[in-house]
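# Architecture and fold: a report
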Amino acid sequence: MKAVIFNSGLGNRMGEFTKNTHKSMAQLKDGETIFHRQIRLLAAEGIKDFIITTGPFENQLKATAADFPELNFSFVRNDIYDKTNYIYSMYLARDLMDDDLLFFHGDLVFNRKLLHDVLASEEKNTATVNFKKALPEKDFKARVIDGKIHEVSIKIFDEDCFAFQPFYKMDKATASAWIGKVVEFIHKGEDKCYAENALNEIFPALNIKAFSYEDYFIDEIDNLEDHARVTAEILAYDEADAKIFG
């Protein structure tokens, strides 16, 4: 299995911080950066191969990766990161996505037990949903029918829609189907939308199950307020995980 981390965004909502620093270099309360933490946790769960899409401050990401010489990193640069969305970065990295895959974004903070249980799940294709959390106004929601995800969008608010974080586990065949749709979108010139726009065209035909994250922690850091909240909230989960994995 390979991990795909989308890290080509500008991170403008972090204000002054991202003028000279990559968003994923934001530190949590223990001093570890988001990116370093992601790699450390994935490596602890046996992931050795990483595909990192990049845009601004690529060298900062490469410097962090150098802390893990035992792992394999492929960096795929999106030279027009300021004009495209990550669907284009996914397109650029497509030839490297030749295995079962984990897909997630570079601003995502999660606890180790979530990662462990997603990887250990008998379901080959899952993505993270919270059935109890209030629907976010501007972030992703998932439409879930009989435990299966049928759509992911920021614009859906129906009774069968729930809070969602873009953390996907897919087998090679399912990932290839998504990548194929991404290629179609790019060839049509649709490079400014979410990669989920392409996935939505085939979601009902796939078998991607909702993995409930109600008892875990996973959240994105979009702005400085998110950063303060997430760095505080993750501490209790890390303490609990230390007792399990310590």
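Description of the structure in this document. (Residues numbered from 1 in each chain as written. Predicted model: local features only at pLDDT ≥ 70, side-chain atom pairs only at ≥ 80, totals over all residues. Heavy atoms only, no water.)

Scanning the model with the defined rule gives 24 salt bridges in all. Its salt-bridge partner being Asp238, residue Arg37 comes within 2.9 Å of it at the nearest N-O pair. Of this pair, Arg37 sits in helix H2 (residues 34-44) while Asp238 sits in helix H8 (residues 224-245), and the two are 201 residues apart along the sequence. What makes Asp238 partly exposed here is its relative accessible area of 24%. A salt bridge links Arg143 to Asp160, with the nearest nitrogen and oxygen atoms 2.8 Å apart. Placement of Arg143 in strand E7 (residues 141-145) and of Asp160 in the loop between strand E8 (148-153) and strand E9 (161-170) is noted, with a sequence separation of 17 residues between them. With relative accessibility at 15%, the residue Arg143 sits in the buried group. Judged by relative accessible area, which is 24%, Asp160 ranks as partly exposed. Here the residues in one salt-bridge network are Arg13, Lys23, Asp107 and Asp222, joined through shared partners. (Salt bridge = Lys/Arg side-chain N within 4 Å of Asp/Glu carboxyl O. Helix = DSSP H or I, 4+ residues; strand = E, 2+ residues; numbered from the N terminus. Buried < 20%, exposed > 50% of the residue type's maximum accessible area, 1.4 Å probe, protein only.)

Here the focus is the packing of helix H5 (residues 112-120) against H8. Contact geometry of H5 with H8 gives a least axis separation of 9 Å together with a crossing angle of 55°. Relative to H8, H5 is oriented oblique. Contacts between H5 and H8 involve Arg112, Lys113 and His116 from the former and Asp241, Ile244 and Phe245 from the latter. Residues that form the contact of H5 with H8 fall into these classes: two nonpolar, one polar and three charged. (Axes fitted to C-alpha atoms, helices over the stretch in contact; angles between N-to-C directions. Parallel < 35°, antiparallel > 145°, perpendicular 65-115°, else oblique. Contact = heavy atoms within 4.5 Å. Nonpolar A, V, L, I, M, F, W, Y, C, P; charged D, E, K, R; others polar.)

Glancing now at the environment of Val144. When you line up the elements, Val144 lands in strand E7. Given the relative accessible area of 9%, Val144 is considered buried. Between the C-alpha atoms of Val144 and Phe131, which are 13 residues apart in sequence, the distance is 9.5 Å. Look past the residues within four positions of Val144 in its chain and what remains in contact with it is Val129, Phe131, Ile149, Asp160, Phe162 and Ala210.

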